[in-house]
Amino acid sequence: MWLKLILFAFHRLYNELAWTYDWVSWVVSLGDWRNWQKAALPFLTGQTVLEIAHGPGHLLVALHAAAYQVIGLALSPAMGRLAQRNMRRVGACIPLVRGNVHALPFTSGQFDNVLSTFPAEFMAEMGTLQEVWRVLRPRG
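Within every chain, residues take consecutive numbers counted from 1 along the sequence as written. This being a predicted model, a pLDDT of at least 70 is required before a residue's local features are given, and a value of 80 or more before pairs of side-chain atoms are given or counted; all residues contribute to the totals for chains, interfaces and linings. Side-chain numbers come from the whole structure's heavy atoms, not from hydrogens or water.

### Looking at the sheet that holds strand 2 (residues 69–74)
At step 1: In this analysis, strands are considered paired if DSSP registers two or more bridges between them. By the criteria applied, helices consist of DSSP H or I runs no shorter than four residues and strands consist of E runs no shorter than two, each listed in order from the N terminus. Within the open sheet, the four strands sit side by side as 3-2-1-4. Their pairing is parallel. Strand pairing shows two members of the sheet lacking a second neighbour, strand 3 (96–98) and strand 4 (113–115), which therefore form its edges. Averaged over all adjacent pairs, the angle separating strand axes in this sheet is 20°, with direction ignored.
At step 2: Relative to strand 3, strand 2 runs parallel, the two being bridged by three bridges. Of the residues in strand 3, the one forming a bridge with Leu73 is Val97. Under this scheme, a helix contributes an axis fitted over its contacting stretch, all axes are lines through C-alpha atoms, and angles between N-to-C directions fall in the 0 to 180 degree range.

Pasting the structure below:
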């Protein structure tokens with residue numbers, strides 16, 4: 001029961017209520033959400049990064065500013081629109097792909113890094129892990 005309610009709330013947050021995402025993430029993290037996201041940067045190797053479930057695109061912009069070749073993937077069209085708007089504000093042009101993590105539309109071995117900073121339930125699913133492994137380069 002609780003899991004269904006949580007999944008329902010997350011679906012709404014990423015779709016109809018996407019405009020509230022920045023506020024919600026700020027509240028639940030006590031203002032540290034973007035710092036938590038950037039904590040992943042020191043662990044990246046190579047140049048190419050796929051961000052899964054990119055949300056409103058703040059980490060995409062930070063990765064782009066750090067000279068990574070980055071692509072964002074999300075299932076939510078609303079988050080894609082928010083990310084596009086946030087990228088336009090800073091003059092960044094970052095490819096965004098709408099897609100499902102169980103069927104990543106990328107070639108095998110395309111990325112040095114795949115990251116997702118939102119702890120969504122799909123990240124631990126076998127289909128997701130197999131696809132992430134497939135698109136990663138050796139030692140990625």
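### Comments concerning the nonpolar core
At step 1: Ranked by size, the top nonpolar core spans 22 residues in total, and within it Leu50, Ile52, Leu73, Leu104 and Phe106 carry the most contacts.
At step 2: Here Ile52 is in contact with Leu73, Val101, Val114, Leu115, Ser116, Phe122, Met123 and Val132, once residues within four sequence places are set aside.
At step 3: As used in this record, nonpolar core signifies buried Ala, Val, Leu, Ile, Met, Phe, Trp, Tyr and Cys residues forming a set joined through side-chain atoms within 4.5 Å. Each residue gets one of three labels from its accessible area relative to the maximum for its type: buried under 20%, exposed over 50%, partly exposed in between, using a 1.4 Å probe on protein chains only. Membership of the second largest hydrophobic core comes to 13 residues, among which are Leu44, Val61, Leu63 and Tyr68. Here a residue-residue contact requires only that any non-hydrogen atoms of the pair lie within 4.5 Å.

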